[in-house]
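# Observations on the model geometry
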Amino acid sequence: MKKFLVLLVLLLSGCNMPAPSQSQFAPALPTAYIDPSYPTMEAAPAEPVKTSSGIEVRANRAWRDGKEVHAEVCFTLPDTSDWSIWGASLQYPGGSVVDFGSTLISLQESVEGQSGSRCDDLSFYNVPPDADLSNVIVTIDAIAAPPRAEDYCNIYMPKIQQTLIDRGIAIQLGCVDSGQGQVMQILSKPDNMSKEDAE
């Protein structure tokens, strides 16, 4: 009887245990809700112009809107390709954010030897409301442009051909007209090499 009573007490006490709260197991995730208490403010950059590798980057202004920090950034275009910001980060005391989006504000094409420029609104997401933004650094890690159709034959094919020659691989590349422009193709390969291996 004692064993049955002890077993019954253990069973009942196990059934009456309070349910664990959600916050004990999963960290709180960021939400899309923007509380009115989130600050909205604007600041002028302390060092508005930087030049790196011949590309001038200018920060016009920066502002916070809820959980996002925005920076209006302009840069000179290296050529007429479709250049955009592919990597950026926001560093502040005690943290950093690499999660960003970019929205085109303006695009000025190059004219008569003068470089064009592009301006974007960089939006850094989920910045904590208590983040100290008194000393912020916005870093543009990468600008890039997708290759244009003519770049494959004009720029990449000669580099690939030279690499094949340097490695002693007897594959000859060339560009042929496909009706929609030039396309890179294998013109010749060793007889003992399959087409798949050559490609």
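See the structure printed just above.
So, on to the nonpolar core. Counting residues in each nonpolar core, the largest one holds 18 residues, and the members touching the most others are Ile85, Leu90, Leu122 and Phe124. When contributions to this core are tallied by element, the ones reaching two or more residues are β4 (68–76), β5 (84–92) and β8 (117–124). The residues contacting Ile85, other than those within four sequence positions of it, are Val73, Phe75, Phe100, Asp120, Leu122, Ile140, Ala142 and Ile143. Among the nonpolar cores identified, the runner-up in size contains 5 residues, and Met157, Leu164, Leu173 and Ala198 belong to it.

Topologically, Ser123 is positioned in strand β8. A polar atom in the side chain of Ser123 sits 3.1 Å from the side chain of His70. Residues in contact with Ser123, not counting those within four places in the same chain, are Glu68, Val69, His70, Asp99, Phe100 and Gly101.

Secondary-structure assignment places Tyr92 in strand β5. Taking C-alpha positions, Tyr92 is 6.6 Å from Asp132, a pair spaced 40 residues apart along the chain. The residues touching Tyr92, leaving out its near neighbours within four places in the chain, are Val97, Pro128, Ala131, Asp132, Leu133, Asn135 and Val136.

Along β8, 8 of the 8 residues are buried, which leaves the element largely enclosed by surrounding structure. On β8, burial covers both faces: Ser117, Cys119, Asp121 and Ser123 on one face and Arg118, Asp120, Leu122 and Phe124 on the other are all buried. Examined bridge by bridge, β4 and β8 share 8 bridges and lie antiparallel to one another. Within β8, the residue paired with Glu72 across the bridge is Asp121. Bridge count for strand β7 (residues 100–108) against β8 is 8 bridges, and the pairing is antiparallel. Bridge pairing links Thr103 to Asp121 in β8.

Conventions used here
Residues numbered from 1 in each chain as written. Predicted model: local features only at pLDDT ≥ 70, side-chain atom pairs only at ≥ 80, totals over all residues. Heavy atoms only, no water. Core = buried A, V, L, I, M, F, W, Y, C linked by side-chain atoms within 4.5 Å. Buried < 20%, exposed > 50% of the residue type's maximum accessible area, 1.4 Å probe, protein only. Helix = DSSP H or I, 4+ residues; strand = E, 2+ residues; numbered from the N terminus. Contact = heavy atoms within 4.5 Å. Polar contact = N/O pair within 3.5 Å; in protein donor to acceptor, adjacent residues only side chain to side chain. Pairing = 2+ DSSP bridges.

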